Protein chains: 2
Amino acid sequence: MRTLIEPIAVTILGFMYVVPAHAAAMSGKQIYAQGVADKLAPCASCHGARAEGVAPSPRLAGLPAAYVVEQMQAYAKGRRPNAVMQDIAKLMDADQTSMVADYVASAAAPFLPTGKSSADVLAAGARLVAIGKWSAGVPACRDCHGPELRGGGPALPGLAGQPETYLLDQLKAFRSGTRPGGPLGLMARIAAKLDSSELQAAAAYAAALREGQAAEAPRGAKSTWQPHAQDPDRFEPPPESALPTNAEDAKAVLLGEKIFDNTPKYAAQYTGNTLSCRNCHTDRGRNPRSAPLWAAAPQYPMYRSKNRTMNSLEMRIADCFRYSQNGRSPPADSPELLALMTYANWLSTGLPIGIKPKASGYPALGKPAQLPDRRRGAAVYAANCTVCHGATGQGSAFAGAQVIPALWGPQSYNWGAGMHSIDNAAAYIHANMPHGAAGTLSEQQAWDVAAWVNSQPRPQDPRFTESVQKTRELYHKQHAYEYYGETVDGLTLGAPGTLETWSKKNPNPARR
Amino acid sequence: MRTLIEPIAVTILGFMYVVPAHAAAMSGKQIYAQGVADKLAPCASCHGARAEGVAPSPRLAGLPAAYVVEQMQAYAKGRRPNAVMQDIAKLMDADQTSMVADYVASAAAPFLPTGKSSADVLAAGARLVAIGKWSAGVPACRDCHGPELRGGGPALPGLAGQPETYLLDQLKAFRSGTRPGGPLGLMARIAAKLDSSELQAAAAYAAALREGQAAEAPRGAKSTWQPHAQDPDRFEPPPESALPTNAEDAKAVLLGEKIFDNTPKYAAQYTGNTLSCRNCHTDRGRNPRSAPLWAAAPQYPMYRSKNRTMNSLEMRIADCFRYSQNGRSPPADSPELLALMTYANWLSTGLPIGIKPKASGYPALGKPAQLPDRRRGAAVYAANCTVCHGATGQGSAFAGAQVIPALWGPQSYNWGAGMHSIDNAAAYIHANMPHGAAGTLSEQQAWDVAAWVNSQPRPQDPRFTESVQKTRELYHKQHAYEYYGETVDGLTLGAPGTLETWSKKNPNPARR
């Protein structure tokens, strides 16, 4: 393919100033292909006839239009230095930029995997892309850029199929500060936590992804790791490669991991929204700051005030399905629940039974200095959360699968979920959000933004009884800050019909 | 009461040779009360008018007639030395002995608790009586002598209400060998493993038991024991006094312990026979030689070839109900199953998850030198097992509750239980039986007696499909030695109707 395309690009280049073009009447596609006579070189001359990208110029096909426009503005203003693009960006007016951005966003171009990295480098890259490097607080690339690295929202570009050199150059530029760090400076933060070989590996893997291929980390060769007793406060879960020796046990671990990773796909009959376990329990249930799965397993059965009874680990997991995933409880002997149990216990290998690890749950916050304020929270949200979760809290999806989780609306956790309580959410947010930039919000900001998120419509509490007031009395009065049953912006939260009314006005912008 | 009885005894004593009596025409009651003129002092003169026992002479009321006859023979032959009783026993003929034995067996007499031991001594005694001293291989007194120490079968006398001095003298005599060690020398073995203060404590507690009072060990003052990580091969479960700090968790542990101890009473709706968990899992699931509960908890979920699926601990416990207890599986969220789960996990406190303790299950045997032979096994059974489990394998009961578990027949484990397989049973028997004398059977004896026990009628395999042959093909063909579906002594084991036919011919002799 490469040899076919390059001559075409050269041919177009040859006609660069020859083909007459009337800018005013030109479409985005025409500007892209032909440029503007006497003024603007065709985009295609560097980015390829189909916007497929020609090293070192990036692939433009499929990039979010908003992202492209933003980059052009950054070039024009000099925020993103680039000898060629700065001039071009200045030459284009806003309409032209917008038209070309729309065109490339909709362009379909073949993927042209580049690079010749070794299997080891690709495997290391796959880990970063599919899993991240949580020991350094680096989330998986796919968490924001999507399972196939095809992009995750208006500000989150696709990476798959980009020329390896382009990707590596960008990562280095993020690290050195010669390119702006992206929303919240996230890319600068992330690149700063990785060494050059890691940047190289991530770029190589992303560049090599084929169309329709989901990022996936190899488990690695069979590990020499052996189950051993561990200190609960210095615990490390087993490496992926250290699966149980019994093949059936190992199969259950792998299924559990899949369900954990993509719950709507692998436990479809029990989920009622598009959330996956890993959306809250980051690093596949391993992150000690986000209610690690391994810290839960040794504590059950235990009494929970929520349902005023003893709970086995099964019952606790089933409650996640009922509330957080707004679905229904898998039976205790269902393959799905058994697999999740097995995964949880495998992650916990070596932890002493009956001893609560310090990492259990997430670090609690003290009382807020000021009462949580949803209006202040709205500003925190706009500045820190909208970029990924969207203005209406509905996250984003790619090819029908949720990439960024919904924080409210029909695809989010329901009014019975633990996360709906503002103290839980504030603690979780403070310890974990923004994804990849945890620790940047103050405690007060976390309280306020939790109030904003949890004062929005979401699916009904499955324990709903008689009325929202009665249900609040039965199940919600113990929370210090609680919006269930309150009227906010003209909507009575939790009242029958509220979510539907809201949904009509706020169609999910992210599903595609 | 004491002051009332002594004068009566003295009065009778005064008439000892005065009241004429015709031995041939006398009833057991008469001989007991009046003696035989010119020949035999009334039993009542020492043992009390109502056979209630007057220190140092034992209570005779309620003792099994067979036991009384055996003791009289032992006195007569000089095997059980006693200055007074040896002469009396020689003076009585077999008919007289038998009549008096029958009379005292049926006599109802008030309990006259004796002794003035301190609360500490009584508590130590209660432990020995209700729990045993398993670290030394000493089972609970109540395991054989019944929950109220009222006796456990024809050879197992009641102890409750005996004069403390009498009981202590007997224990010392068992230890020193001046009284025969009882069936299988069990009492000699047991007394030899206890020190003088323990013998004293056990005697004091048994003597102090009131009528209708079940032996029960106090849990002791709140322990300073704290949950801590433990080596799975040097594991010690928490002491009873170290309950979970959360009151609801502690309640669940206590309920689980109760169910474990008396399953037909505390999990009645799920049991189909009179077995309790502790009948196999001795020392309340703590004994490392009898499939300790604590060694199971850290291993689940795991794959089991029995049902060809992953099993959670709940499912494994539920299978005990379905097979070993011939009942039905408690739902995973039932209080009973949650309590047993909680009890199991509490016993396992400090064990590392996912590591199999060496004590898991029970020590497996090598292949038998000779094929297991049920006929040889019958002889082993008669010599070692009949004394407790009875000739027809149905154990014994007291006040409607099983004291000695049934090994076959309608009250035993069914054809689907793990224990029905001869290799499991042989290993279990070799490691644990006879109760209190484990280690006295050779491996071959264990194999043979397992073949005898497991070639007897028992309840149907709940997986029964179409026919006994089909069911054998589906679920039993993997066992090396298997009687399910075979015709033995004219009965096809496992065939519909076989158990009923057998039961009609062998009514449970032990239920009373």
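Source: prediction; values computed, not measured.

**A short note on the relation of the copies chain B and chain A**
- Once chain B is rotated about the relating axis by 180° and shifted along it by 0.0 Å, it coincides with chain A to within an RMSD of 0.0 Å. The superposition operator between the copies reduces to a two-fold rotation axis. No C-alpha of chain B approaches the rotation axis more nearly than that of Pro352 of chain B, which lies at 2.1 Å.
- Take the interface residues of chain B: 100% of them recur as interface residues in chain A, which is what a same-surface contact looks like.

**As for the packing of aromatic side chains**
- In total, this model carries 20 aromatic pairs over all chains according to the counting rule given.
- Plain terms: the ring middles of Phe260 of chain B and Tyr343 of chain B are 5.6 Å apart, the flat faces sit at 55° to each other, and that makes the pair tilted. On the criterion of sequence distance, the pair formed by Phe260 of chain B in helix α12 (residues 247-261) and Tyr343 of chain B in helix α18 (residues 335-347) is long-range, its members being 83 residues apart.
- A relative accessible area of 0% means that Tyr343 of chain B is categorised as buried.
- A network of ring pairs unites the aromatic residues Phe260, Tyr343 and Trp346 of chain A as a single cluster.
- The ring of Phe111 of chain B carries Arg59 of chain B above its face, with NZ or CZ at 4.3 Å from the centroid.
- Lying across the ring of Tyr323 of chain B, Lys306 of chain B places its NZ or CZ 3.9 Å from the centre.

**Quick word on helix α11 (residues 196-208) of chain A**
Residues and elements named next belong to chain A.
- With 13 residues, α11 should reach 18 Å at 1.5 Å per residue; the first-to-last C-alpha distance of 18 Å fits that figure.
- Along α11, the residues classified as buried are Glu198, Leu199, Ala201, Ala202, Ala203, Ala204, Tyr205, Ala206 and Ala207.
- Tucked inside the fold, the buried residues of α11 contact α7 (119-130), α9 (164-176) and α10 (186-192).

**Some remarks on the confidence of the model for chain A**
Residue and element names in this part refer to chain A.
- Summary statistics for chain A give a mean pLDDT of 92 and a share of 95% for residues scoring 70 or more.
- Low pLDDT, under 50, characterises residues 1-21; the predicted model gives this stretch 22 contacts beyond four residues in sequence or across chains.
- Prediction confidence for the complex, expressed as pTM and ipTM, is 0.91 and 0.89 respectively.

**What about the packing of helix α4 (residues 65-76) of chain B against helix α6 (residues 94-106) of chain B?**
Residue and element names in this part refer to chain B.
- For the pair α4 and α6, interaxial distance at closest approach is 8 Å and the crossing angle is 140°. Our classification of the angle between α4 and α6 gives oblique. α4 and α6 meet at a crossing whose hand is right-handed. When α4 is examined against α6, the residues Ala65, Val68, Val69 and Met72 are found in contact with a partner set consisting of Thr97, Ser98, Ala101, Asp102, Val104 and Ala105.

**Examining the pattern of salt bridges**
- Scanning the model with the defined rule gives 40 salt bridges over all chains in all.
- Here Arg234 of chain A makes a salt bridge to Asp231 of chain A, at a shortest N to O gap of 3.1 Å.
- Judged by its relative accessible area of 67%, Arg234 of chain A is exposed.
- Owing to a relative accessible area of 33%, Asp231 of chain A belongs among the partly exposed residues under this scheme.
- Two residues, Asp489 of chain B and Arg374 of chain B, come together in a salt bridge whose shortest N-O distance is 3.5 Å. Here the residue Asp489 of chain B occupies a position in the loop between β5 (487-488) and β6 (491-492), and Arg374 of chain B occupies one in helix α19 (residues 374-384), the gap between them amounting to 115 residues.
- Of the residues examined, Arg374 of chain B reaches a relative accessible area of 10% and is grouped as buried.
- Shared partners join several salt bridges into a network, and the residues in it are Arg127, Glu240, Asp283 and Arg284 of chain A.

**Comments concerning the interface of chain B and chain A**
- Facing 32 residues of chain B, the contacting portion of chain A comprises 32 residues.
- Together chain B and chain A conceal approximately 2,300 Å² of surface at their shared face, both sides included; 72% is due to carbon and sulfur atoms.
- Per-residue buried area on chain B facing chain A is highest for Pro301, Met310 and Ile353 of chain B; these three make up 27% of the total on that side.
- Taken together, the links from chain B to chain A amount to zero salt bridges.
- Applying the counting criterion to the chain B and chain A interface returns six residue pairs in polar contact (both at pLDDT 80 or more).
- Going through the elements one at a time, α12, β1 (302-304), β2 (309-311), α17 (313-324) and α18 of chain B are the ones with two or more residues in the side of chain B that touches chain A.
- Among the elements that make up the side of chain B that touches chain A, the one with the highest residue count is α18 of chain B (four residues).
- Of the residues contributing to the side of chain B that touches chain A, the split by class is 18 nonpolar, ten polar and four charged.

**Overview of the pairing of strand β4 (residues 401-404) of chain A**
Residues and elements named next belong to chain A.
- Direction of pairing for strand β3 (residues 396-398) relative to β4: antiparallel, over a ladder of three bridges. When the bridges of β4 are listed, Ala397 appears paired with Gln402.
- Between β3 and β4, which pair antiparallel one after the other, the connecting turn spans two residues, and Ala399 there sits at a positive phi close to 50°.

Parameters and conventions
Residues numbered from 1 in each chain as written. Chains lettered and ligands numbered in written order. Predicted model: local features only at pLDDT ≥ 70, side-chain atom pairs only at ≥ 80, totals over all residues. Heavy atoms only, no water. Least-squares fit on C-alpha atoms with pLDDT ≥ 70 in both. Contact = heavy atoms within 4.5 Å. Phe/Tyr/Trp six-rings, centres within 6.5 Å; stacked < 30°, edge-to-face > 60°. Helix = DSSP H or I, 4+ residues; strand = E, 2+ residues; numbered from the N terminus. Buried < 20%, exposed > 50% of the residue type's maximum accessible area, 1.4 Å probe, protein only. Lys NZ or Arg CZ within 6 Å of the ring centre and 35° of its normal. Expected span 1.5 Å × (residues − 1). pLDDT = per-residue confidence, 0-100. Axes fitted to C-alpha atoms, helices over the stretch in contact; angles between N-to-C directions. Parallel < 35°, antiparallel > 145°, perpendicular 65-115°, else oblique. Left-handed = near helix turned anticlockwise from the far one by under 90°. Salt bridge = Lys/Arg side-chain N within 4 Å of Asp/Glu carboxyl O. Buried area = accessible area lost by both parts, 1.4 Å probe. Polar contact = N/O pair within 3.5 Å; in protein donor to acceptor, adjacent residues only side chain to side chain. Nonpolar A, V, L, I, M, F, W, Y, C, P; charged D, E, K, R; others polar. Pairing = 2+ DSSP bridges.

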